Amino acid sequence: MIHASRPSTLQTIGEFGLIRALEQHCHHLRSDVLQGIGDDAAILRTTPNEALIVSTDLAIEGIHFDLSFESFQDVGYRTAVANISDMAAMGATPKFLLVGLAVPPSTAVKSLKDLYRGFKEPCRRYNISMVGGDTSSSQSGLFLCMTILGQVKTNHALKRSGAKVGDHVYVTGTLGDSKAGLQILQRRATQKNPNAPQPYESFLIKRHLRPTPRPAMGQQLAKSRWAHGAIDISDGLSGDIQHLCKASGVGVELWASQLPISRQCATYAKAYGHSSIELALEGGEDYELLFTVSPRHQQTMAKLSRTFKTPLTCIGEIRPRSFGLKLKSEGGISRSIAKHSYDHFSKKPIR
Ligand SMILES: Nc1ncnc2c1ncn2[C@@H]1O[C@H](COP(=O)(O)OP(=O)(O)OP(=O)(O)O)[C@@H](O)[C@H]1O
Ligand SMILES: Cc1ncc(C[n+]2csc(CCOP(=O)(O)O)c2C)c(N)n1
Ligand SMILES: [Mg+2]
């Protein structure tokens, strides 16, 4: 008997199943494409020693931002940071931006000027020029598509695929703050007269609305050749470590007790009965760097952290692929790392 199988939908294959399926239609690669689909950005050879690094990111109202609790300037800032963070993950120097805009005709001109003020903040800080874009009307909601171009020495570019068995896994900053900040904003938006935020809440809201990308750290890791594999954390640690391990053909053991969780995130998790470990694993939009280095560079990493005044934490070790991807709990019990991070097509609501 023939069973007619149901056609798969995006909900069944998920965001990354779709990207894999689309990739199969992108076979033709010029010889100057050193890295196409599959990393934080493409690596395109321009001269024998230099590569252009290119990435594009959408920011959609209701999906990536909510104008009922964030300003146009916040949206502009966060969208630019999401792009700069992809350059950081490649070890590249970000240089140029282009912005595609689709806006409802009723939008106030001032709002769009505010959006561009938001773009300008990180552009000034990191010396990036806005060089073009495209504009359209939208029937509902604001749509943004930002493309960023950067540069790196060809043999310095950081890739997801470079992690080696025995490497230590490092992460910059703290994890879970952005998701906690988003939850606080979402909760406050439903309250009639919310109280002034507690100081720990203000900190987490700021971490969501004003995340810090790590381009200087990425560039140093690339130039020094210390990092073997690298990715930025945009979907959440549990998903992004899977992308890195898959690209490198390795497994990993992460240590729950070592996950860098801010005091404010821990206070928030306790107050609302959440697990701060889960926030750190699932929380997207932290825009921290995750990278792997040989254990012999332990002292160097401590020095690098001091030089860049950026926390660097060793959170685990790369293992052979056969080991799988595991999280060792504080009690010493290991479990598989379930991918509960952000997927555009999974039905799971943001918690
Ligand atoms: N529709 C698409 N067509 C072709 N390639 C795509 C498409 N969507 C994503 N990709 C490619 O798939 C890879 C993974 O994309 P993804 O958006 O997950 O990158 P990321 O850096 O992990 O996340 P973020 O969107 O937060 O920057 C990238 O190399 C990207 O260029
Ligand atoms: C209103 C609202 N709802 C949910 C979220 C959370 N969120 C949206 S996209 C994303 C992952 C990165 O996306 P991408 O892979 O497209 O860069 C996350 C964690 C938000 N910021 N605002
Ligand atoms: Mg990325």
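Residues numbered from 1 in each chain as written. Chains lettered and ligands numbered in written order. Predicted model: local features only at pLDDT ≥ 70, side-chain atom pairs only at ≥ 80, totals over all residues. Heavy atoms only, no water.

*Asks:* What am I meant to see in the domain arrangement of the protein here?
*Replies:* The accessible area lost on association of the parts is a frequent measure of interface size. Segmenting the protein into domains produces domain 1 (31-156) and domain 2 (160-336). Between domain 1 and domain 2, the C-alpha centre-to-centre distance is 22 Å. With 25 residues of domain 1 in contact, the opposing surface of domain 2 contributes 23 residues. Each partner contributes to the roughly 2,200 Å² buried at the junction of domain 1 and domain 2, and carbon and sulfur atoms together form 55% of this total. Contact with domain 2 buries surface across domain 1, with Phe69, Arg78 and His156 losing the most and accounting together for 27% of the total. On the surface where domain 1 and domain 2 come into contact, there are five salt bridges. A salt bridge links arginine 210 to glutamate 121; its shortest N-O distance comes to 3.1 Å. Listing elements by their share of the side of domain 1 that touches domain 2, those giving two or more residues are α2 (72-90), β4 (93-103) and α3 (109-126). (Domains from an automatic or database assignment. Contact = heavy atoms within 4.5 Å. Buried area = accessible area lost by both parts, 1.4 Å probe. Salt bridge = Lys/Arg side-chain N within 4 Å of Asp/Glu carboxyl O. Helix = DSSP H or I, 4+ residues; strand = E, 2+ residues; numbered from the N terminus.)

*Asks:* Where do I start with the coordination of the magnesium ion (ligand 3) in this structure?
*Replies:* Ideal geometry at a metal centre gives angles of 109.5 degrees when four donors are arranged tetrahedrally and 90 or 180 degrees when six donors are arranged octahedrally. All of the protein donors around the magnesium ion (ligand 3) are Asp40 (OD), Asp86 (OD) and Asp232 (OD); their distances to the metal are 2.1 Å. Of note, the donors binding the magnesium ion (ligand 3) are all from one chain and are spaced D-x45-D-x145-D. Here aspartate 86 is found in helix α2, whereas its partner aspartate 232 is found in strand β8 (residues 227-232), with 146 residues between them in sequence. As far as the burial class goes, aspartate 86 and aspartate 232 line up, both buried. (Donors = N, O, S within 2.8 Å, 3.2 Å for Na, K, Ca; no water. Buried < 20%, exposed > 50% of the residue type's maximum accessible area, 1.4 Å probe, protein only.)

*Asks:* Explanation requested: the site of ligand 2 in the structure shown.
*Replies:* The environment of ligand 2 is formed by 15 residues, the closest being Ile63, His64, Asp235, Glu285 and His344. In this structure, isoleucine 63 approaches ligand 2 through a main-chain N or O atom, which is 3.3 Å from a nitrogen atom. In the environment of ligand 2, a nitrogen atom lies 2.8 Å from a nitrogen or oxygen atom belonging to the side chain of glutamate 285. About the coverage of ligand 2: the protein hides 90% of its 530 Å² of free accessible area. Here the shell around ligand 2 is composed, by residue class, of five nonpolar, five polar and five charged. Both domains that meet at the shell around ligand 2, namely domain 1 (31-156) and domain 2 (160-336), each give it at least three residues. (Near = heavy atom within 4 Å. Polar contact = N/O pair within 3.5 Å; in protein donor to acceptor, adjacent residues only side chain to side chain. Areas by Shrake-Rupley, 256 points an atom, 1.4 Å probe, with all protein chains shown as cover. Nonpolar A, V, L, I, M, F, W, Y, C, P; charged D, E, K, R; others polar.)

*Asks:* What is the right way to read the sheet that holds strand β11 (residues 312-320) from this model?
*Replies:* What holds strands together in a sheet is hydrogen bonding between their backbones, with the strands either parallel or antiparallel. Taken together, the seven strands give an open sheet; going across it, the order is β8-β10-β7-β11-β9-β12-β13, and neighbouring strands pair in mixed fashion. Two strands close off the open sheet at either side, each with one partner strand: β8 and β13 (334-336). Averaged over all pairs of adjacent strands, the angle between strand axes in this sheet comes to 25°, irrespective of strand direction. Relative to β11, strand β9 (residues 250-255) runs antiparallel, the two sharing five bridges. Residue pairing for β11: leucine 254 is matched across the bridge by glycine 316. Against the sheet, helix α7 (residues 237-248) makes contact with β7 (168-172), β8, β9, β10 (289-293), β11 and β12 (325-328), and its axis sits at roughly 150° relative to β9, the strand it touches most. (Pairing = 2+ DSSP bridges. Axes fitted to C-alpha atoms, helices over the stretch in contact; angles between N-to-C directions.)

*Asks:* I'm lost on the pairing of β4 in this one. Help?
*Replies:* Two faces make up the sheet, and in a regular strand the side chains alternate between them. As paired strands, β4 and strand β6 (residues 143-153) are joined by nine bridges and run antiparallel to one another. Opposite alanine 102, over in β6, you have phenylalanine 143 as the bridge partner. Note: β4 against strand β5 (residues 129-137), eight bridges, orientation parallel. Bridge pairing in β5 links valine 103 to serine 137. This β-α-β element, β4 to α3 to β5, shows right-handed connectivity. (Right-handed = clockwise from strand over helix to strand, strands pointing away.)

*Asks:* Before we go on, may I ask you to explain the side chain of histidine 243 in this structure?
*Replies:* Inspection of the secondary structure puts histidine 243 in helix α7. Overall, histidine 243 belongs to the buried group, its relative accessible area being 17%. Contacts of histidine 243, omitting those with residues within four sequence positions, involve Phe16, Arg160, Ile231 and Asp235.

*Asks:* Explanation requested: the nonpolar core in the structure shown.
*Replies:* Across soluble globular proteins, nonpolar side chains show a tendency to be buried alongside one another. Among the nonpolar cores identified, the biggest contains 28 residues, and Ile53, Leu101, Leu115, Leu142 and Leu144 are the most heavily contacted of them. When residues of this core are assigned to their parent elements, the largest contribution, six residues, is made by α2. The residues touching isoleucine 53, leaving out its near neighbours within four places in the chain, are Ala41, Ala42, Ile43, Met87, Met90, Ala92, Ile148, Leu149, Gly150, Gln151 and Val152. (Core = buried A, V, L, I, M, F, W, Y, C linked by side-chain atoms within 4.5 Å.)

*Asks:* In this structure, what is going on with the environment of serine 346? I would like to understand it.
*Replies:* Within the secondary structure, serine 346 is located in the segment after β13. Expressed as a C-alpha distance, the spacing of serine 346 and glutamine 11, which sit 335 residues apart in the sequence, is 5.5 Å.

*Asks:* Would you take a moment to explain the environment of tyrosine 287 for this structure?
*Replies:* By the element assignment, tyrosine 287 lies in the loop between α9 (276-282) and β10. Tyrosine 287 sits 73 residues away from arginine 214 along the chain, and the two C-alpha atoms are 7.8 Å apart. The residues touching tyrosine 287, leaving out its near neighbours within four places in the chain, are Val81, Ala82, Ser85, Pro211, Thr212, Pro213, Arg214, Asp232, Ile233 and Ser234.

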